[in-house]
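Letter by letter, the chains look like this.
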Amino acid sequence: MLAVSNLTKRFAGLLAVDNLSFTVPAGKVTALIGPNGAGKTTVLSMASGLLQPSNGSVTFDGRSIIGSPGHTIARLGISRTYQNLQMFEDMSVLEVAMTGAHRCGTSNIWSTLFGLPSIIREERLIETAARDALAEAGVPSTLFGQDAETLPYGLQRRVELARALAAKPRLLLLDEPAAGLNPVETRDLSALLSTLRAGGLTVLLVEHDMDLVMKLSDYVVVMNFGRAIAAGTPRQVQSDPQVVEAYLGAED
Amino acid sequence: MSSLRRSYRQNLLGLGIAALLLVGVGLIVSNSFYLTTLIFALISAISAIGLTLVFGFAGLASLGQAAFFGIGAYTAACLTEFYHLPPLLSLMCAVASASLSAWAIGRPLLRLSGVYLTMASLAFGLIAYLTFSQMRRITGGLDPGFMLTHEFSIGPFRLGDTHSMYWVCSCFTIATLLVALNLIHSKFGRALRALKSSAPASEGVGISTASYKSTVFAIAAGMTGLSGGLYAFFMRSFNATAFNFNLSIELLVVVMIGSLRSVWGALFGAAFVTLLPTLLENLEDFKLFVYGAIIVAIMMFMPDGLFDGLLRLVIRSPRKADV
């Protein structure tokens, strides 16, 4: 579904991503792992239009998305969450999720200005999508009216996930969803992602929690210094000597 | 009914109450000095409603609103004076011309952010002011200024006198508020608040931040152009000084005193900034001192603005996401 080929990103003298190629097959969970600074988030940023690559291509359903702005890529059906929370301020939980469902709305500015009945229908549609997504992400409905920013960190991450799900994505990019979560929250997240996976959602997961990665992923791509050093099923990469070296250091 | 829908209904109820209050005031007040002050407050409120959308909701601090006010005023005045267009039509053209010019300069200007955007909009305001004062053949410049010989009218109804202009300005204020409330309670309003807090996350949910910014900038300029046009028809004789930097500053103060989080603040802020100096007139030498002290006190004790501050005094609830 998503194909990355010969992707390269240079930041001045630093080669962050070096000639990287891999594919994310439809309906599967693909994990992108590697030590800190390996270039994983940079890959996600290029796949979501936040960064433009120096070289190489990213195609979604055979269509190149290089050079398209972020909102265009989002409308094609790619949603993401962020390593550092990017919560919308001064919004209730429900409103944050409704903003996620932005692309469900088709109204133009004129019907909005004059408050035509089509807007009421559209708002109802967006609100339903948002409520479904929040329920899917396991946010209790008692919190829907609360200011999203005042929630505990773990719940904010869920709201962010709901915001991504509300867009009804075909591909979900998750950037370290378990970062900063306690063991109980991580277990809940794992259960939640299993449910999404069972529902047939295609996921590209960047994560450091190896238990989570090994349990959820169908394929794993291991990166180090911007390059893919191994790829395959979780079992295959676990026994790969290069992977062991990257994570634990070489034996002398 | 969903809570968001209920909040929209409550705002419409508020709009009804505001309309009744304006009618009440219009029936009671007959002194033309007070009516004039009220008209200035309404004109300033219409501009401030637009600026609340741009500054309060989308987080774009513009110091160039006086330019759109001036464009609106001169468009309305010229079309009526030189081309004998019906005043109402001229007023609509004033909205359109202010909006279109904002749209045109918005794309390059809004690529900037934060303090750079503010400086660029300030520069735009100054250029516009210089243009108004130098294009003397059309605008009359600073001296003698523009003389509009036609009074405001709708069809056969002549509405040039102060009392009629009060009704006209009241109607346009309510209409502007309604449009602003419609915008806020839609995906458009959510998109504005979203792009204010995180541009990458907004793009990530499919919001084109560039086009939303220029659209809200154009809508706000249209509202400012409307108030400029009303100003022209009310004053009938004015010069370019009316559209200098002070006006942009005053509008920003109106929004900050009123509220950054609700368009209702524009009414409170405009009433405050316009009426307070009049009420303090007796203090003579101390007038500015007291005026400044009151503003500082409001900013200290009601940092969210008069509207939120008063609302909290009334309902005594903690800060919540009220729009």
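The structure we're discussing is the one just above.
Residues numbered from 1 in each chain as written. Chains lettered and ligands numbered in written order. Predicted model: local features only at pLDDT ≥ 70, side-chain atom pairs only at ≥ 80, totals over all residues. Heavy atoms only, no water.

All names here are of chain A. If you walk across this open sheet you meet the six strands as β6-β7-β8-β3-β9-β10, and the pairing is mixed. Taken across any chain shown, the strands that pair with only one partner, and hence form the sheet edges, are β6 (78-80) and β10 (227-232). Pairwise comparison of adjacent strand axes, ignoring direction, gives a mean angle of 20° for this sheet. Across four bridges, the pairing between strand β3 (residues 29-33) and strand β9 (residues 219-224) is parallel. By the bridge assignment for β9, Ala31 is matched with Val220. Strands in contact with helix α10 (residues 241-248) are β3, β9 and β10; relative to β10, the strand with the most contacts, it is inclined by about 125°. (Pairing = 2+ DSSP bridges. Helix = DSSP H or I, 4+ residues; strand = E, 2+ residues; numbered from the N terminus. Axes fitted to C-alpha atoms, helices over the stretch in contact; angles between N-to-C directions. Contact = heavy atoms within 4.5 Å.)

Cis peptide bonds are those with omega within 30 degrees of zero, and the linkage from Asp143 of chain B to Pro144 of chain B qualifies with 10°. Along the polypeptide, Pro144 of chain B turns up in the loop between α6 (136-139) and β1 (146-147). Not every positive phi belongs to a glycine, and Asn19 of chain A is a case in point at roughly 50°. In this fold, Asn19 of chain A is placed in strand β2 (residues 14-24). Judged by relative accessible area, which is 47%, Asn19 of chain A ranks as partly exposed. Positive phi, close to 50°, is recorded for Phe225 of chain A, a residue that is not glycine. (Buried < 20%, exposed > 50% of the residue type's maximum accessible area, 1.4 Å probe, protein only.)

Residues and elements named next belong to chain A. Topologically, Thr150 is positioned in the loop between α5 (117-136) and α6 (153-166). Under the relative-accessibility criterion, Thr150 is labelled exposed at 53%. Taking the C-alpha atoms as reference points, Thr150 and Glu89, 61 residues apart in sequence, are found 9.7 Å from one another.

In an α-helix, one turn spans 3.6 residues, which is why side chains three or four residues apart end up on the same side. Of the residues making up helix α14 (residues 306-315) of chain B, those classed as buried are Leu306, Phe307, Asp308 and Gly309 of chain B. Summarising the contacts, the buried residues of α14 of chain B are in contact with α11 (245-258), α12 (264-279) and α13 (287-301) of chain B.

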